[in-house]
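Single-letter residue listing:
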Amino acid sequence: MEKLQQIVEIRQRMLDFESLRADAGRPDATGTAQVELTEALIDLSLARHRHHETLMQLTNLVAAHQARLQLAEKRSTDRGTRRESDEIRIDLLHAEIRLAREQARATP
């Protein structure tokens, strides 16, 4: 569990760095730092057997992918960015499936 906590701390630093870049006018164009931190938090909450926390982080993951998709769709002017939008959409669908499965486990 200590190693998972270390991963969370590193991912948080990476997100903080991206936020500083955005404040300096050089934003993270993909939003992946938030997704990676959220994935690390999901792993940690699963290891700790904290169901409510896992649900919350999965909800955050869905929101992070939705934000990434909106950003990508704003940029989708050529085929390359269309592919990026499709890949993010797949990530979003996977996150929604994970959330639904976790919610189903909570329902008796």
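Each value, and the rule that gives it
- Residues numbered from 1 in each chain as written.
- Predicted model: local features only at pLDDT ≥ 70, side-chain atom pairs only at ≥ 80, totals over all residues.
- Heavy atoms only, no water.
- Axes fitted to C-alpha atoms, helices over the stretch in contact; angles between N-to-C directions.
- Helix = DSSP H or I, 4+ residues; strand = E, 2+ residues; numbered from the N terminus.
- Parallel < 35°, antiparallel > 145°, perpendicular 65-115°, else oblique.
- Left-handed = near helix turned anticlockwise from the far one by under 90°.
- Contact = heavy atoms within 4.5 Å.
- Nonpolar A, V, L, I, M, F, W, Y, C, P; charged D, E, K, R; others polar.
- Salt bridge = Lys/Arg side-chain N within 4 Å of Asp/Glu carboxyl O.
- Buried < 20%, exposed > 50% of the residue type's maximum accessible area, 1.4 Å probe, protein only.
- Expected span 1.5 Å × (residues − 1).
- Core = buried A, V, L, I, M, F, W, Y, C linked by side-chain atoms within 4.5 Å.

**Student:** So what exactly am I meant to see when it comes to the packing of helix α2 (residues 32-47) against helix α3 (residues 51-75) here?
**Tutor:** In a packed pair of helices, the relevant descriptors are the angle between the two axes and the axis-to-axis distance. With their axes 9 Å apart at the nearest point, α2 and α3 run at an angle of 165 degrees to one another. On the basis of the axis angle, α2 is roughly antiparallel to α3. Along this stretch, α2 crosses α3, giving a crossing that reads as left-handed. Residues T32, Q34, V35, T38, E39, L41, I42, S45 and L46 of α2 lie in contact with α3, whose contacting residues are E53, T54, Q57, L58, N60, L61, A64, H65 and R68. Split into classes, the residues belonging to the contact of α2 with α3 amount to seven nonpolar, eight polar and three charged.

**Student:** Quick question: what am I supposed to make of the packing of helix α1 (residues 2-23) against α2 here?
**Tutor:** Here α1 crosses α2 at 160 degrees, and the two axes come no closer than 9 Å. Relative to α2, the element α1 lies roughly antiparallel. Between α1 and α2 lies a crossing of left-handed hand. Residues L4, Q5, I7, V8, R11, Q12, M14, L15 and E18 of α1 form the contact with α2, whose participating residues are A33, Q34, E36, L37, A40, L41, D43, L44 and A47.

**Student:** Would you mind showing me how to read the pattern of salt bridges here?
**Tutor:** When their charged atoms lie close together, side chains carrying opposite charge are able to pair. With the rule as written, the count across this model stands at eight salt bridges. A salt bridge links E36 to R11; the shortest N-O distance between them is 2.9 Å. Of the two residues, E36 sits in helix α2 while R11 sits in helix α1, which places them 25 residues apart along the sequence. The class of E36 is partly exposed, set by a relative accessible area of 31%.

**Student:** What is the right way to look at α2 in this model?
**Tutor:** It helps to recall that an α-helix has 3.6 residues per turn; residues three or four apart then point in one direction. With 16 residues, α2 ought to run about 22 Å at 1.5 Å a step, and its terminal C-alpha atoms sit 23 Å apart, in line with that. The positive-phi residue at the C-terminal boundary of α2 is H49, with phi of around 60 degrees.

**Student:** I tried to follow the side chain of H65 on my own but got confused; where do I start?
**Tutor:** As for its placement among the helices and strands, H65 is situated in helix α3. For H65, a relative accessible area of 5% puts it in the buried group. Aside from chain neighbours lying at most four places away, what touches H65 is V35, I88, D91, L92 and A95.

**Student:** Help me out: how do you make sense of the nonpolar core in this one?
**Tutor:** In terms of nonpolar packing, the biggest core is built from 13 residues, with L58, L61, V62 and L99 touching the most fellow members. At the level of secondary structure, the elements contributing two or more residues to this core comprise α2, α3 and α4 (79-106). No other element matches the seven residues that α3 contributes to this core. Discounting residues that sit within four places of it in the chain, L58 has contacts with I42, R98, L99 and E102. V8, L15, A33 and L37 belong to the second largest nonpolar core, which has six residues in total.

Functional significance is not addressed by these values, which are geometric in nature.
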